[in-house]
Amino acid sequence: MQMAEIEKEPGFAEAGITVLPIVMNTAEQIRPDMQRYGATTPYLLDDGTVSEAYGTLGTGMHPGVPGHGFVLIDAQGNQLWQGDYPSMWLEPAQLLKEATSRLD
């Protein structure tokens, strides 16, 4: 649901920001939710390697898996920000504000 709402916010593209969902689910697990909510953005299916590299493993409710959060990576590959949202939701406009404030 979060990604489907982010896709509706044109400010990300206008700011040159690509939102890439990364999940530790299988394609079979994620596909029904993508269809239900109309999300079209490709998802990266992670075996934990990417989540570990960005320091997000164990930041949520369950050990060994990432929490619901966002990581901002600049064009040079530098991690500028990481935010965790245990509520499992962040308004797309608020995410856009967080991300753009760190790119200035």
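Residues numbered from 1 in each chain as written. Predicted model: local features only at pLDDT ≥ 70, side-chain atom pairs only at ≥ 80, totals over all residues. Heavy atoms only, no water.

1. Let's talk about the environment of leucine 96
- Relative to the assigned elements, leucine 96 resides in helix α5 (residues 92-103).
- In this structure, the C-alpha to C-alpha distance between leucine 96 and phenylalanine 12, residues 84 residues apart in sequence, is 6.4 Å.
- If we ignore the near neighbours within four places in the chain, the residues touching leucine 96 are Glu9, Gly11, Phe12 and Ile17. (Helix = DSSP H or I, 4+ residues; strand = E, 2+ residues; numbered from the N terminus. Contact = heavy atoms within 4.5 Å.)

2. Observations concerning the nonpolar core
- Residues Ile6, Phe12, Ile17, Val19, Phe70, Trp81 and Leu95 are the most contacted members of the largest nonpolar core, which totals 13 residues.
- Secondary-structure elements contributing two or more residues to this core are α1 (2-7), β3 (69-73) and α5.
- At three residues, α5 tops the list of elements feeding residues into this core.
- Non-local contacts of phenylalanine 12, meaning those with residues more than four positions away in its chain, are made with Ile6, Ile17, Val19, Pro92, Leu95 and Leu96. (Core = buried A, V, L, I, M, F, W, Y, C linked by side-chain atoms within 4.5 Å. Buried < 20%, exposed > 50% of the residue type's maximum accessible area, 1.4 Å probe, protein only.)

3. What about unusual backbone geometry?
- A positive phi angle is found at methionine 88, which is not glycine, with a value near 70°.
- Examined against the element boundaries, methionine 88 turns out to sit in the loop between β4 (79-84) and α5.

4. As for the environment of tyrosine 85
- Position of tyrosine 85 among the secondary structure elements: in the loop between β4 and α5.
- When the C-alpha positions of tyrosine 85 and glycine 60 are compared, they lie 8.3 Å apart, and in sequence the two are 25 residues distant.

5. Here we look at the pairing of β3
- Burial of β3 is one-sided: the residues Phe70 and Leu72 facing one way are buried, the residues Gly69, Val71 and Ile73 facing the other way are not.
- Relative to β4, β3 runs antiparallel, the two sharing five bridges. Each residue of the ladder has a partner; that of valine 71, found in β4, is glutamine 82.
- Connecting β3 to the antiparallel partner β4 that follows it, the hairpin turn spans five residues, and glycine 77 within it adopts a positive phi of roughly 90°. (Pairing = 2+ DSSP bridges.)

6. Notes on the side chain of glutamate 98
- Among the secondary structure elements, glutamate 98 is positioned in helix α5.
- Separated by 2.9 Å, the side chains of glutamate 98 and arginine 102 make a polar contact.
- The residues touching glutamate 98, leaving out its near neighbours within four places in the chain, are Trp81 and Tyr85. (Polar contact = N/O pair within 3.5 Å; in protein donor to acceptor, adjacent residues only side chain to side chain.)

7. Some points on the confidence of the model for the protein
- In this model, the protein carries an average pLDDT of 91, and 100% of its residues clear a pLDDT of 70 or more.
- Within the protein, helix α2 (residues 11-14) carries the highest mean pLDDT (96), whereas β4 carries the lowest (90). (pLDDT = per-residue confidence, 0-100.)

8. Regarding the pattern of salt bridges
- For the structure shown, the criterion picks out three salt bridges.
- Across the salt bridge formed by glutamate 5 and lysine 8, the nearest N and O atoms sit 2.9 Å from each other.
- Accessibility expressed as a relative area gives 29% for glutamate 5, which makes it partly exposed.
- You can call lysine 8 exposed: its relative accessible area is 60%.
- Linking aspartate 33 and arginine 36 is a salt bridge whose minimum nitrogen-to-oxygen distance equals 2.6 Å. Note that aspartate 33 and arginine 36 are positioned in helix α3 (residues 27-37) at a spacing of three residues, about one turn of the helix.
- A relative accessible area of 31% places aspartate 33 in the partly exposed class.
- Taking relative accessible area as the criterion, arginine 36 reaches 57% and is therefore assigned exposed. (Salt bridge = Lys/Arg side-chain N within 4 Å of Asp/Glu carboxyl O.)

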